[in-house]
Amino acid sequence: MGCGQSQEALVCPSKKKSENGQVKPVAEVRGMARQSEGSIDAQTIEEYLELEKKIAFAEQTSPALLLQQKRDQKAHLEERLKLQKRNYEALQEQTDLLRHNEALLGILGEQVLEAEVKQKLLELGEDQQEEKREAVATFNNKEIAKAELENLEEQFSAIDTDILGLEDESKQLQSLYSRQDELLGRIFGGDYGSAAENQYEHELDQHEEMRNRILEANFKWKQAQMMVDYAYKQLNEAVKQWSLLPNIDASKLEERYGIACIARNNLVASAQNIQGAQRYLSNVQFPYCAPGEVATLNKATAYIFTDMQTSSRHQHALDCYSTTAKRCGALLQWINQVVTNTIAKDLDDINKKVKSSSMALRQERVTLIKAKAKELTGEDIEIKVADINTDANVQLNINDLARTEGIDPNLLATLNAMDLQ
């Protein structure tokens, strides 16, 4: 890095005047000493300063922290996948038994499609209403379980890709750290340049350790915020679709079934997203949409295809979906307040402390480097310490979402009090 790039550099050795008054580039300043006493030249200085910029940039995404989180998530996903596979297989066995229930459906050949089986169930008379409701719910639960299993498998595949990328980023950052240590050892002979440098480095380490804890909390809360936000949109979409059913003639079974499927898919995904938020904030008690409420929503969703057949059951289901949507909106507002009023402020505060400590450490090292250069070369060099961005933030993981068509995960919902009435 030459001085012509000084605006991009953390610290740039500027030109100095030689004894005859001519401007002399620092690249011409040379001085070497025994390794035990430290050694320095312009190339070493410039490489060290360029490394500081690269390290600051690489640290902004906290790859090591994210890597550990991803590995933890992968372990949890593996367990959830095992449980979900067993759940799906059990439901498959139940639907197979129903399919061969001659008392309920008569004799059905193996060539009869599952959609036809469900249609026959929906056509059962009032005298078999309870059997019909439970049988349709079982088939519906199997579809839900299959969708969730596929979602988990997609998440597992995506997280493997994320881990590979983060491992590479972490290795690159570690390589930068190692090279930085080598250069500091070359400059200062393996020792701290001063007691102040030691102190500033210790303070920076403490602030960065605290920032890692705040970053982890920030990631979990903002990930939960994104998932609840998406669930809120899905619940409102489900209510919108479900409200259309009374206006569709009962003879248009395929159209009614399609609308109910859209509502069902959004209800299922919204429940999965709320549960995902609960997993991220496992030590936090949600004031709305607690696990029991989500279980009630899932139970209601299981009966969606029989609830659409009568006006009273349709209204009862609509009340359940609407109430859950409003409570999800209230949960989102609560999370927004925590993120804005607490987490974001804590992160902003610790970022400022890291920046201050980092600047103090760099300024002290520049002072020491200048003194070492003077000692070894007999000449003065000027090094300017430029401001750099040391703020750290972590990117949210959209792959964690149970997504549904037509809803953008990148646009946060805008809420007001009227939305929740």
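Every chain's residues receive numbers from 1 upward, in the order its sequence appears when written. With the structure being a predicted model, the display of local features is reserved for residues of pLDDT at least 70 and the display and counting of side-chain atom pairs for 80 or more, all residues being used for whole-chain, interface and lining totals. Calculation of side-chain values draws on the structure's entire complement of heavy atoms; hydrogens and water are dropped beforehand.

Helix numbering and strand numbering both begin at the N terminus, where a helix is a DSSP run of H or I of at least 4 residues and a strand a DSSP run of E of at least 2. Helices and strands together make up the secondary structure of the chain, namely 10 helices and 6 strands. Residue exposure (1.4 Å probe, protein chains only): buried if accessible area is under 20% of the type maximum, exposed if over 50%, otherwise partly exposed. Taking all 421 residues of the chain together, the buried fraction comes to 45%. In the chain, the share of contacts with a sequence separation of at least 24, taken over all contacts with a separation of at least 6, comes to 80%. Only the protein chains shown count as cover for residues, and the accessible areas themselves come from Shrake-Rupley with a 1.4 Å probe. For the chain, the accessible area works out to roughly 22100 Å², and carbon and sulfur atoms hold 48% of it. Contacts: residue pairs with any heavy atoms within 4.5 Å of one another.

Time to look at unusual backbone geometry. In the Ramachandran plot, S62 falls in the positive-phi region, its phi being about 45 degrees despite a non-glycine side chain. Taking relative accessible area as the criterion, S62 reaches 9% and is therefore assigned buried. Backbone geometry places C289, a non-glycine residue, at a positive phi of 55 degrees. Mapped onto the elements of the fold, C289 is located in the loop between α7 (253-280) and α8 (291-302).

When a carboxyl oxygen of Asp or Glu is within 4 Å of a side-chain nitrogen of Lys or Arg, the pair counts as a salt bridge. Considering all chains together, one arrives at 20 salt bridges under this definition. In this structure, R264 engages E143 in a salt bridge whose closest nitrogen and oxygen atoms are separated by 2.9 Å. Taken together, the residues R264 in helix α7 and E143 in helix α5 (residues 129-188) connect sequence positions 121 residues apart. Of the charged contacts in the structure, one is a salt bridge between R365 and E197, with a shortest N-O distance of 2.8 Å. Of this pair, R365 sits in helix α10 (residues 311-377) while E197 sits in helix α6 (residues 195-244), and the two are 168 residues apart along the sequence. Accessibility assignment for this pair places R365 and E197 in one class, buried. What you see here is one network of salt bridges that share partners, running through E47, R179 and E182.

Centre distance within 6.5 Å is the pairing criterion for rings of Phe, Tyr and Trp, where only the six-membered ring of Trp is used; planes under 30 degrees apart are then read as stacked, over 60 as edge-to-face, and the remainder as tilted. Under the definition given, this model contains 5 aromatic pairs. Between the aromatic rings of W242 and Y321, the centroid separation amounts to 5.6 Å while the plane-to-plane angle is 75 degrees, which identifies the pairing as edge-to-face. Of this pair, W242 sits in helix α6 while Y321 sits in helix α10; the two residues are 79 residues apart in sequence, bridging distant segments of the chain. Assigned by exposure class, W242 and Y321 land together as buried. Comment: the charge-over-ring label is applied if NZ (Lys) or CZ (Arg) is within 6 Å of the ring centre and within 35 degrees of the ring normal. A cation sits over an aromatic face here: R133 above Y303, 3.8 Å from the ring centre.

Once that is clear, we can look at a negative patch on the surface. Patch definition: residues above 30% relative accessible area lacking any salt bridge, with like charges linked at up to 9 Å and the nonpolar side chains Val, Leu, Ile, Met, Phe, Trp and Tyr linked at up to 5 Å. For the purpose of charge, His is not counted, nor are the chain termini; Lys and Arg are scored as positive and Asp and Glu as negative. Taken as the charge location is NZ of Lys, CZ of Arg, CG of Asp or CD of Glu. A contiguous patch of negative charge on the surface is contributed by E126, D127, E130, E131 and E134. Mapped onto the elements of the fold, E126 is located in the loop between α4 (114-122) and α5.

This part is about the packing of helix α2 (residues 63-99) against α6. At their nearest, the axes of α2 and α6 sit 11 Å apart, and the two run at 50 degrees to each other. Overall, the two elements α2 and α6 adopt an arrangement that is oblique. Once α2 is placed against α6, the crossing between them reads as right-handed. Contacts from L65, L66, Q69 and Q73 of α2 reach α6 at N212, L215, E216 and F219. Residue polarity follows a fixed list, in which Ala, Val, Leu, Ile, Met, Phe, Trp, Tyr, Cys and Pro are nonpolar, Asp, Glu, Lys and Arg are charged, and the others, Gly among them, are polar. Of the residues in the contact of α2 with α6, the class split is 4 nonpolar, 3 polar and 1 charged. Comment: axis = line fitted to C-alpha atoms, over the contacting stretch for helices; angle = value between 0 and 180 degrees taken between N-to-C directions. By the definition adopted for this analysis, an angle is roughly parallel if under 35 degrees, roughly antiparallel if over 145, roughly perpendicular if from 65 to 115, and oblique otherwise. Put simply, a crossing is left-handed when the front helix is turned counterclockwise from the back one by less than a right angle, and right-handed when it is turned clockwise.

Among buried residues, the Ala, Val, Leu, Ile, Met, Phe, Trp, Tyr and Cys ones that are joined through side-chain atoms within 4.5 Å form a nonpolar core. Core analysis: the largest hydrophobic core is formed by 70 residues, its most contacted members being L121, W242, F305, Y321 and C328. The greatest single-element share of this core, amounting to 15 residues, is contributed by α6. When sequence neighbours within four positions are dropped, the list of residues in contact with L121 reads L104, L105, K132, A135, V136 and F139. By size, the runner-up hydrophobic cluster in this structure holds 18 residues, among which are I40, Y48, L49 and V366.

It is worth spelling out the environment of P246 at this point. Inspection of the secondary structure assignment puts P246 in the loop between α6 and α7. Residue classification places P246 among the exposed residues on the basis of a relative accessible area of 55%. Spatially, the C-alpha atom of P246 lies 8.4 Å from that of H314, the residues being 68 residues apart in sequence.

What pLDDT expresses is the predictor's confidence in each residue, scored from 0 to 100. When the pLDDT values of the chain are averaged, the result is 82; 87% of them are 70 or greater. Confidence drops under a pLDDT of 50 for residues 1-37, and excluding neighbours within four residues, the segment shows 83 contacts in the predicted structure.

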